[in-house]
Amino acid sequence: MIPEAVVAMLACARLGAIHSVVFGGFAANELAVRINDAKPKVIVSASCGIEVQRIVPYKPLLDEAIAMADAKPELCIIKQRPMEKAEMISGRDLDWDELIAGATPHDCVPVAATDPLYILYTSGTTGIPKGVVRDNGGNVVALKWTMSAIYNMQAGDVWWTASDVGWVVGHSYIVYGPLFKGCTTILFEGKPVGTPDAGVFWRIISDHKVKALFTAPTAFRAIKREDPNAEEMKKYDLSSFEALFMAGERLDPDTLRWAENALGVPVIDHWWQTETGWAIAGNFLGLYKFPVKEGSATKPSPGWNLQVLDPTAKEPVPRGEIGALVAKLPLPPGTLPTLWNNDEGFLNSYLKEFPGYYQTGDAGYIDEDGYVFVMTRTDDIINVAGHRLSTGAMEEVLADHPDVAECAVVGVEDSLKGQVPIGFLVLNAGVSRDPDEIIKEVIQMVRERIGPIASFKKATVVKRLPKTRSGKILRGTIQKIADNKPYRMPATIDDPAILGEMEEALIKLGYAKAREKEG
Ligand code: COA
Ligand code: AMP
C-alpha cells in the first residue's frame with residue numbers, strides 16, 4: 001500500500017501491458033499458483049509490508065514463490081523500503097529507485113477497448129484461484145460513470161477507499177475510478193484500529209477534507225468495538241464528509257445504525273464482486289437516493305437485469321422468496337469478459353447453470369419494493385473481514401496432513417470479521433498422537449500454504465463427520481449449528497446422532513452456546 005504500487009499498475013496500463021496485483025497476506029504457495037497461471041514477464045514488489053505488530057518481509061516470500069513456480073519472470077523490480085531491506089539476486093533483481101532515476105517518459109500505447117487491462121485472482125470453489133480478466137474500455141466506461149452516479153463524486157473532490165490495492169475494491173476505487181473522474185484518491189497503509197488508534201479514519205478525513213469513504217463493514221465493527229461511543233470522532237472536523245459506502249460483505253443492521261448515528265451522513269451498502277468490478281446493486285447518490293432498508297443493498301444498478309431464480313426449475317421465484325441471484329445477459333460494461341486462459345472455466349462457472357444468465361454465486365431475494373437482499377453464497381466461499389476465501393482450498397490443505405483421514409471447514413459467524421473458518425478433523429485409525437499437536441500443525445499448514453489472511457485459527461478433532469447417504473458432508477448444517485440458527489434435519493442424513501457430536505465439538509470451541517442453554 002505504497003504509491004509505487006499504483007505507479008506500477010498505471011505504468012502497465014500506459015504501456016498496454018497486463019498487470020496482476022497480488023495481496024500481501026497470501027503465502028508463497030498462493031503467489032506461485034498465480035505466477036504459474038499469469039506467467040508474468042516482470043514482477044514488481046516492495047521489500048516488505050507493515051502490519052500492526054510486525055514488518056512482513058515480502059522478498060523472501062517472492063523468492064520462494066518463484067522457486068516453486070514453473071513459470072519464471074525475466075526480472076524482478078524491488079522497491080527497497082527502509083524498514084526491511086531485501087537481498088537482491090544478481091542478474092534477476094533490479095532496484096526500483098535506480099531504474100526510476102534513469103527512466104525516460106513513454107507515450108501511451110493505444111490498445112483496443114476489449115484488450116485486457118488486468119487479471120485479478122479470486123477464490124473459486126477449489127484451491128485453484130480464478131483469474132478474472134478486466135478489459136480497458138468497459139472498465140473506464142463503468143467506473144467513471146459510477147463515480148458520479150453511485151458515489152456523487154466530481155472532479156476535484158477527495159475520495160478515500162480504505163481497502164487494499166490487492167482487492168477488486170482497491171483496483172476499481174483506490175486506483176482507476178477516482179483517477180478517471182479527476183478525483184484525489186487516498187492510499188492508506190494502516191488498519192482502522194491499532195495504527196495508532198480508533199480515531200485514525202476521522203483524522204484522515206479531517207486532514208484531507210475527504211468527501212466520501214468506502215470501506216468494509218468489518219472496519220467499522222473494529223472501530224465500534226474499540227470506541228463504542230465514537231468519542232474519537234468528536235476530536236476531528238468532519239464537515240467535508242458527506243457519505244459512507246460499505247461493501248465486501250453484508251452490512252449488518254447494528255453496524256449500519258451505529259455508523260448512521262455517529263456520522264449523521266448517508267451510509268450506503270452496495271453489493272458487488274471481483275467478477276463485476278462495480279456494484280450489481282446499490283443506492284445512487286448522484287441520481288436518486290432511495291430510502292435505506294436495513295439488510296438490503298438497495299436496488300439493482302442501471303445496466304443490471306437482476307433476477308431471482310429457483311435453482312432447480314430455473315424459473316423466477318415469487319417476490320420475497322429466496323433463490324439464486326442471477327443477471328440476465330448481456331452483462332453491462334466493466335464486468336468480466338472471461339477468465340485468464342480459461343474460457344471453458346468461465347462458461348462453466350458463470351453461464352452454464354442458468355442458460356442466458358450470469359450466476360453471481362450469491363443467494364438472496366428481491367422484495368415487493370424491488371430491494372435486493374443478499375443472504376449467502378451458494379458455494380463454499382466464505383467472507384472473512386471482507387476477504388473472499390474458499391473453504392474447499394483450506395480443506396485441501398488439511399487433507400494433506402498425514403494423520404488426517406477426512407476433514408471439513410465451515411465459515412462461522414464472528415462479531416468482528418463477519419465470518420471465520422473453523423476446521424473439523426477425522427484422524428486416521430490408529431493415530432495416537434496428541435490431537436492438540438495435530439491441530440497446531442494444521443493451523444500452521446494453512447498459514448504457510450494459503451496465508452495469514454485466511455484467519456484459520458481454530459480446529460477440532462471429531463470421530464466422524466455428518467454426511468448424506470450419498471457421502472456429501474453436511475457443511476451447511478454444521479454452520480447453522482455453530483451459528484445457533486434453526487436447522488432442519490436433512491432428510492438424506494446418514495446418521496442423525498452425528499449432529500449431536502458436532503454440537504458438542506462446537507461448544508468446546510466456543511460456538512453453539514445458546515442452543516445448549518435452550519437445552
Ligand atoms: N501482508 C501481510 N500480512 C497481512 C496483510 C498484508 N498485506 N494483511 C493482513 N495480513 C495478516 C495480518 O497481519 C493478520 O496476521 P496474524 O494472523 O498474524 O495476526 C492476518 O493477515 C489477518 O489479517 P486481518 O484480517 O487484517 O486481521 P487483523 O486482526 O490484522 O485486523 C481488522 C482486523 C478488522 C482491523 C482488519 O481485518 C480490517 O481492517 N478489515 C477491513 C476490511 C477490509 O479492508 N477489507 C477489504 C475488502 S473491501
Ligand atoms: P469479492 O469478489 O472478494 O469482492 O467478494 C464478493 C462476494 O462478497 C459476493 O459474491 C458476496 O458474497 C459478498 N459481498 C460483497 N458485497 C456484499 C454486500 N454488500 N452484501 C452482501 N454480500 C456482499
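Just so it is clear, the model here is predicted, and its values are computed rather than measured. (Residues numbered from 1 in each chain as written. Chains lettered and ligands numbered in written order. Predicted model: local features only at pLDDT ≥ 70, side-chain atom pairs only at ≥ 80, totals over all residues. Heavy atoms only, no water.)

## So, the sheet that holds strand β17 (residues 357-366)
For step 1, the next point in the chain: The sheet built from four strands is open, its strands ordered β15-β16-β17-β18 with antiparallel pairing. A single partner strand is all that each edge strand has here, and the edge strands are β15 (306-309) and β18 (372-377). Direction aside, the axes of adjacent strands within the sheet are offset by 50 degrees on average.
For step 2, the next point in the chain: In this sheet, strand β16 (residues 323-328) lies alongside β15 in antiparallel orientation, the contact comprising four bridges. Note that in β16 the partner of Leu 309 across the bridge is Ala 324. (Pairing = 2+ DSSP bridges. Helix = DSSP H or I, 4+ residues; strand = E, 2+ residues; numbered from the N terminus. Axes fitted to C-alpha atoms, helices over the stretch in contact; angles between N-to-C directions.)

## Describing the environment of Phe 290
For step 1, the next point in the chain: With respect to the helices, strands and loops of the structure, Phe 290 is situated in the loop between β13 (281-282) and β14 (299-300).
For step 2, the next point in the chain: A sequence separation of 81 residues divides Phe 290 from Tyr 371, and the C-alpha atoms of the two residues are 9.6 Å apart.
For step 3, the next point in the chain: Contact partners of Phe 290, with chain neighbours within four places excluded, come to Asn 283, Phe 284, Thr 298, Lys 299 and Tyr 371. (Contact = heavy atoms within 4.5 Å.)

## Notes on the sheet that holds strand β11 (residues 243-246)
For step 1, the next point in the chain: Overall, parallel pairing links the five strands, which are arranged β9-β8-β10-β11-β12 in an open sheet. Pairing within the sheet leaves two strands with one partner each, and these edge strands are β9 (184-186) and β12 (267-269). Each strand of the sheet is rotated relative to its neighbour by a mean of 20 degrees, with strand direction disregarded.
For step 2, the next point in the chain: Note that strand β8 (residues 158-161) and strand β10 (residues 212-215) share three bridges and pair parallel. Bridge pairing links Thr 161 to Phe 214 in β10.

## Here's the deal with the pattern of salt bridges
Between side chains of opposite charge, pairing is possible as soon as their charged atoms come close.
For step 1, the next point in the chain: Taken as a whole and assessed by the stated rule, the structure comprises 31 salt bridges.
For step 2, the next point in the chain: Taking the shortest distance from any N to any O, the salt bridge between Glu 249 and Arg 221 comes out at 2.8 Å. Within this pair, whereas Glu 249 is found in the loop between β11 and α9 (253-263), its partner Arg 221 is found in helix α8 (residues 217-226), the two being separated by 28 residues in sequence.
For step 3, the next point in the chain: Assessed through its relative accessible area of 12%, Glu 249 is described here as buried.
For step 4, the next point in the chain: Taking the shortest distance from any N to any O, the salt bridge between Glu 441 and Arg 433 comes out at 2.5 Å.
For step 5, the next point in the chain: When its relative accessible area of 28% is taken as the criterion, Glu 441 is described as partly exposed. (Salt bridge = Lys/Arg side-chain N within 4 Å of Asp/Glu carboxyl O. Buried < 20%, exposed > 50% of the residue type's maximum accessible area, 1.4 Å probe, protein only.)

## Thoughts on the site of ligand 2
For step 1, the next point in the chain: The local shell around ligand 2 holds 15 residues, among which His 270, Thr 274, Asp 362, Arg 377 and Arg 388 are the closest.
For step 2, the next point in the chain: Here Arg 377 contributes a side-chain N or O atom positioned 2.7 Å from an oxygen atom of ligand 2.
For step 3, the next point in the chain: Here ligand 2 has 490 Å² of accessible area as a free molecule, and 92% of this is covered by the chains.
For step 4, the next point in the chain: Partitioned by chemical class, the residues of the shell around ligand 2 number four nonpolar, five polar and six charged. (Near = heavy atom within 4 Å. Polar contact = N/O pair within 3.5 Å; in protein donor to acceptor, adjacent residues only side chain to side chain. Areas by Shrake-Rupley, 256 points an atom, 1.4 Å probe, with all protein chains shown as cover. Nonpolar A, V, L, I, M, F, W, Y, C, P; charged D, E, K, R; others polar.)

## Describing the domain arrangement of the protein chain
Reports often express the size of an interface as the amount of accessible area lost when the parts come together.
For step 1, the next point in the chain: When its domains are assigned, the protein chain resolves into domain 1 (3-101), domain 2 (116-302 + 367-376) and domain 3 (385-518).
For step 2, the next point in the chain: On a C-alpha basis, the centroid separation for the pair domain 2 and domain 3 is 32 Å.
For step 3, the next point in the chain: Each partner contributes to the interface: domain 2 provides 16 residues, whereas domain 3 provides 14 residues.
For step 4, the next point in the chain: Among the residues of domain 2 in contact with domain 3, Ser 123, Trp 167 and Arg 221 are the three that bury the most area, contributing 38% of the side total.
For step 5, the next point in the chain: Applying the counting rule to domain 2 against domain 3 returns one salt bridge.
For step 6, the next point in the chain: Put simply, domain 2 and domain 3 have five residue pairs in polar contact (both at pLDDT 80 or more) between them.
For step 7, the next point in the chain: The biggest single contributor to the side of domain 2 that touches domain 3 is α8, with four residues. (Domains from an automatic or database assignment. Buried area = accessible area lost by both parts, 1.4 Å probe.)

## Digging into the site of ligand 1
For step 1, the next point in the chain: Taken together, 25 residues lie around ligand 1, and Glu 51, Arg 54, Tyr 58, Lys 191 and Lys 457 are the ones closest in.
For step 2, the next point in the chain: Here a nitrogen atom of ligand 1 sits 3.3 Å away from a polar atom, N or O, in the main chain of Gly 24.
For step 3, the next point in the chain: Between a nitrogen atom of ligand 1 and a main-chain N or O atom of Gly 25, the distance comes to 3.4 Å.
For step 4, the next point in the chain: Summarising the interface, the protein chains cover 84% of the accessible area of ligand 1, which totals 940 Å² for the free molecule.

## Examining helix α6 (residues 168-181)
For step 1, the next point in the chain: Of all 14 residues in α6, 12 are buried, a share of seventy percent or more.
For step 2, the next point in the chain: Turning to α6, its buried residues number three or more, namely Val 168, Val 169, Gly 170, His 171, Ser 172, Tyr 173, Ile 174, Val 175, Tyr 176, Gly 177, Pro 178 and Lys 181.
For step 3, the next point in the chain: Positive backbone phi, at 85 degrees, marks Gly 182, one or two positions downstream of α6.

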